[in-house]
Amino acid sequence: MADNLRFRNPELAHSIAQKIKTVAPKKGMVKFCHVCGTHEWTITHYGLRSLLPENVEVIAGPGCPVCIVPAAEIDEAVQLAQKGVVITCFGDVLRVPGSQSSLLEAKAAGADVRIVYAVSDAVEMAKSEPAKQFVFSAVGFETTAPITAVEALGDLPKNFSFLVSHRLIPPAMELLLGVGDLQIDGFIAPGHVSAIIGLKPYELFTRVYRMPTVVAGFEPNDVLMSIYMLLKQHSEHDAQLENEYSRVVKPEGNPKAIEVMKKAFTVTAGNWRGIGRLPDSALQLRPSLAQYDAREKFDVHVKEGKDINFGCECHLVIIGKIKPKECPLFMKACTPTKPVGACMVSSEGTCRVWAKNAAAQA
Amino acid sequence: MSLDGTKAHVDFGQGVLREVNVSLVEAKVGEYVLVHAGYAIQVLEENEALETLSLWNEVLAAGQE
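Owing to the predicted nature of the structure, the values given are computational and were not obtained by experimental measurement. (Residues numbered from 1 in each chain as written. Chains lettered and ligands numbered in written order. Predicted model: local features only at pLDDT ≥ 70, side-chain atom pairs only at ≥ 80, totals over all residues.)

1. Topic: the overall build of chain B
Thinking step 1. For chain B, the count of helices and strands is one helix and five strands.
Thinking step 2. Ordered by position from the N terminus, the helices and strands of chain B form the series β-β-β-β-β-α.
Thinking step 3. A globule of 65 residues ought to have a C-alpha radius of gyration of about 11 Å, yet chain B, at 16 Å, is considerably larger.
Thinking step 4. Evaluated residue by residue, chain B yields a buried proportion of 23% over its 65 residues. (Helix = DSSP H or I, 4+ residues; strand = E, 2+ residues; numbered from the N terminus. Rg over C-alpha atoms; globule rule 2.2 N^0.38 Å. Buried ≥ 20, exposed ≤ 12 C-beta atoms within 10 Å, placed from the backbone.)

2. Some points on the overall build of chain A
Thinking step 1. The secondary structure content of chain A amounts to 15 helices and eleven strands.
Thinking step 2. The C-alpha atoms of chain A give 21 Å as radius of gyration, which agrees with the globular expectation for 362 residues (21 Å, within 12%).
Thinking step 3. With the C-alpha coordinates aligned to their principal axes, the bounding extent of chain A is approximately 65 × 45 × 40 Å.
Thinking step 4. When each of the 362 residues of chain A is scored for burial, the buried share is 55%.
Thinking step 5. The contacts of chain A with a sequence gap of at least 6 include a subset with a gap of at least 24, amounting to 75%. (Contact = placed C-beta atoms within 7 Å.)

3. Observations regarding the pairing of strand β3 (residues 86-89) of chain A
All names here are of chain A.
Thinking step 1. Side-chain alternation along β3 places Val86 and Thr88 on one buried face and Ile87 and Cys89 on a second face that is also buried.
Thinking step 2. As paired elements, β3 and strand β5 (residues 134-140) share three bridges and run parallel to each other. Within the sheet, the bridge partner assigned to Val86 lies in β5 and is Phe134.
Thinking step 3. The sheet contact formed by β3 and strand β4 (residues 113-115) spans three bridges and is parallel. Of the residues in β4, the one forming a bridge with Ile87 is Val113.
Thinking step 4. What joins β3 to β4 is helix α4 (residues 103-108), and the crossover it makes is right-handed. (Pairing = 2+ DSSP bridges. Right-handed = clockwise from strand over helix to strand, strands pointing away.)

4. A look at the interface of chain A and chain B
Thinking step 1. In this complex, chain A contributes 24 residues to the contact, which on the side of chain B involves 23 residues.
Thinking step 2. Mapped onto the side of chain A that touches chain B, the elements with two or more residues apiece are α1 (10-23), α6 (145-153), α8 (191-197) and α11 (255-264) of chain A.
Thinking step 3. Grouping the constituent residues of the side of chain A that touches chain B by class yields twelve nonpolar, seven polar and five charged. (Nonpolar A, V, L, I, M, F, W, Y, C, P; charged D, E, K, R; others polar.)

5. Comments concerning the packing of α6(A) against α11(A)
All names here are of chain A.
Thinking step 1. Relative to each other, α6 and α11 sit at 60°, their axes nearing to 8 Å. Of the possible angle classes, the one that applies to α6 and α11 is oblique. Considering how the two elements wind past one another, α6 and α11 form a crossing that is left-handed. Residues Ala145, Pro146, Ala149, Val150, Ala152 and Leu153 of α6 form the contact with α11, whose participating residues are Ala257, Val260, Met261, Lys263 and Ala264.
Thinking step 2. Across the contact of α6 with α11, the residue classes break down as ten nonpolar, no polar and one charged. (Axes fitted to C-alpha atoms, helices over the stretch in contact; angles between N-to-C directions. Parallel < 35°, antiparallel > 145°, perpendicular 65-115°, else oblique. Left-handed = near helix turned anticlockwise from the far one by under 90°.)

6. Comments concerning the domain arrangement of chain A
How big an interface is tends to be reported as the loss of accessible area on association of its parts.
Residues and elements named next belong to chain A.
Thinking step 1. In terms of domains, chain A is made up of domain 1 (31-310) and domain 2 (314-361).
Thinking step 2. A separation of 18 Å is found between the C-alpha centroids of domain 1 and domain 2.
Thinking step 3. For the side of domain 1 that touches domain 2, the secondary-structure elements that each account for two or more residues are α2 (37-45) and β2 (56-60).
Thinking step 4. With six residues, the single largest contributor to the side of domain 1 that touches domain 2 is α2.
Thinking step 5. A breakdown of the residues in the side of domain 1 that touches domain 2 according to their chemical character gives 16 nonpolar, nine polar and four charged. (Domains from an automatic or database assignment.)

7. Considering the pairing of β2(A)
Residues and elements named next belong to chain A.
Thinking step 1. The buried fraction of β2 is high, at four of five residues.
Thinking step 2. Here strand β1 (residues 30-34) runs beside β2; their pairing, made up of five bridges, is parallel. Bridge pairing links His34 to Ala60 in β2.
Thinking step 3. For the crossover that starts at β1, traverses α2 and ends in the parallel β2, the hand is right-handed.

8. A short note on the environment of A:Phe205
Residues and elements named next belong to chain A.
Thinking step 1. With respect to the helices and strands, the residue Phe205 is situated in helix α9 (residues 203-207).
Thinking step 2. Separated by 34 residues in the primary sequence, Phe205 and Ala239 place their C-alpha atoms 8.6 Å from one another.
Thinking step 3. Leaving out residues up to four positions away in the same chain, Phe205 has contacts with Met173, Phe187, Met211 and Thr213.

9. With respect to unusual backbone geometry
Residue and element names in this part refer to chain A.
Thinking step 1. Of note in this structure, Asp299 is not a glycine but carries a positive phi near 50°.
Thinking step 2. Note that Asp299 resides in the loop between α12 (294-297) and α13 (314-318).
Thinking step 3. Taking the C-beta count within 10 Å as the criterion, Asp299 has 7 such neighbours and is therefore assigned exposed.

10. Focus on the environment of A:Ser99
Residues and elements named next belong to chain A.
Thinking step 1. For Ser99, the location among the structural elements is in the loop between β3 and α4.
Thinking step 2. When the C-alpha positions of Ser99 and Ala71 are compared, they lie 5.6 Å apart, and in sequence the two are 28 residues distant.
Thinking step 3. When near neighbours in sequence (up to four residues on either side) are disregarded, Ser99 contacts Ala71, Asp75, Gly305 and Lys306.

11. Re the sheet that holds β3(A)
Whenever strands of a sheet pair, they do so through backbone hydrogen bonds, lying parallel or antiparallel.
Residue and element names in this part refer to chain A.
Thinking step 1. Strand order in the open sheet formed by four strands is β4-β3-β5-β6, and the pairing between neighbours is parallel. One side of each edge strand has no neighbouring strand; the edge strands of this open sheet are β4 and β6 (160-166). Averaged over all neighbouring strand pairs, the angle between strand axes comes to 25°, with direction disregarded.
Thinking step 2. Seen against the sheet, helix α3 (residues 71-82) touches β3, β4, β5 and β6 and runs at an angle of roughly 160° to β6.
Thinking step 3. Against the sheet, α6 touches β5 and β6, its axis set at about 155° to β6.

Dropping the structure here:
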């Protein structure tokens, strides 16, 4: 794609920023919320907030799949690791705090915990070491869940199972609309979740809540354009569902991925770190696949964990209520090398994104 | 790059090649795919990308005559 660079062309960015000024309200605040760690990265890395008028704010909602995994589910993985099961996970999951211990601390104490790039790598390990039990910590939103589904419906070895921590984004967006003092004026919907689920799940927000919603890509000009589109709707008192990221997001999403998810999972209530229990927001393997459900296979069920450490304000950062620098621990007791809260652990966590960018802390 | 059942060799640019599972998409050799954790999750539409850019130009040109 020869024109790829146009999506991050600085001159084009400035033209869009000029256009944004023409549609931004002359007085009063406007607040848009995105729900994707990668959007936060783009906005912070390219300094997009500095291009916006002072009364246009973009906040980060619960868009980091690793950050919102409750401590209880990390505790389950740690317990399995301590029993001699090999735990495989994405790199980000390793340092997420559990109630007492992270997987990294369990590994340091002798447990067999391994980072993989893809779940298929974990399956290959299980095949080549048949005497050991392997569990994959399946964390992620709708972008990642179909991958777990494909593997669970495929030809898995007997010594392999999943600790499923998948969550769904639209229920979290709906929660944000119920947080009275957040007062969001529009959603920047996540591009890669939408690549799977399509546009339909967002209709609720425009129809019922009258909330302008734009699905956006991840280049800086994608995000700026989505802000322009939201401001334009706002200025016209409109509430439409628009797709800025049509080169990737099709209205119907990815039908194959939706189908395998339906085949492999049931939708159930789930706990979110810092948020609590949300109805119809989590995925669980169907009873027919119980042999691949590590919770059933090893009878490990941790009901409650300690989600937030003393002084940590992850629960407020996760819903966009405060900025990382408003947390008393940020870059003092809590840093990327010694994270206190989950938002500082994952590369998609808001605190981690801000910590890696000096300008964001100013 | 090349395709064999559910496995494809994908060029990530700058010489990075990796095997990617393409069972979630209908991809042909020569097309661009969006890869997430070792799986292609969508085929990119070059025409849509160009259309988006021309739409942007229209938006930016509007009101500036």
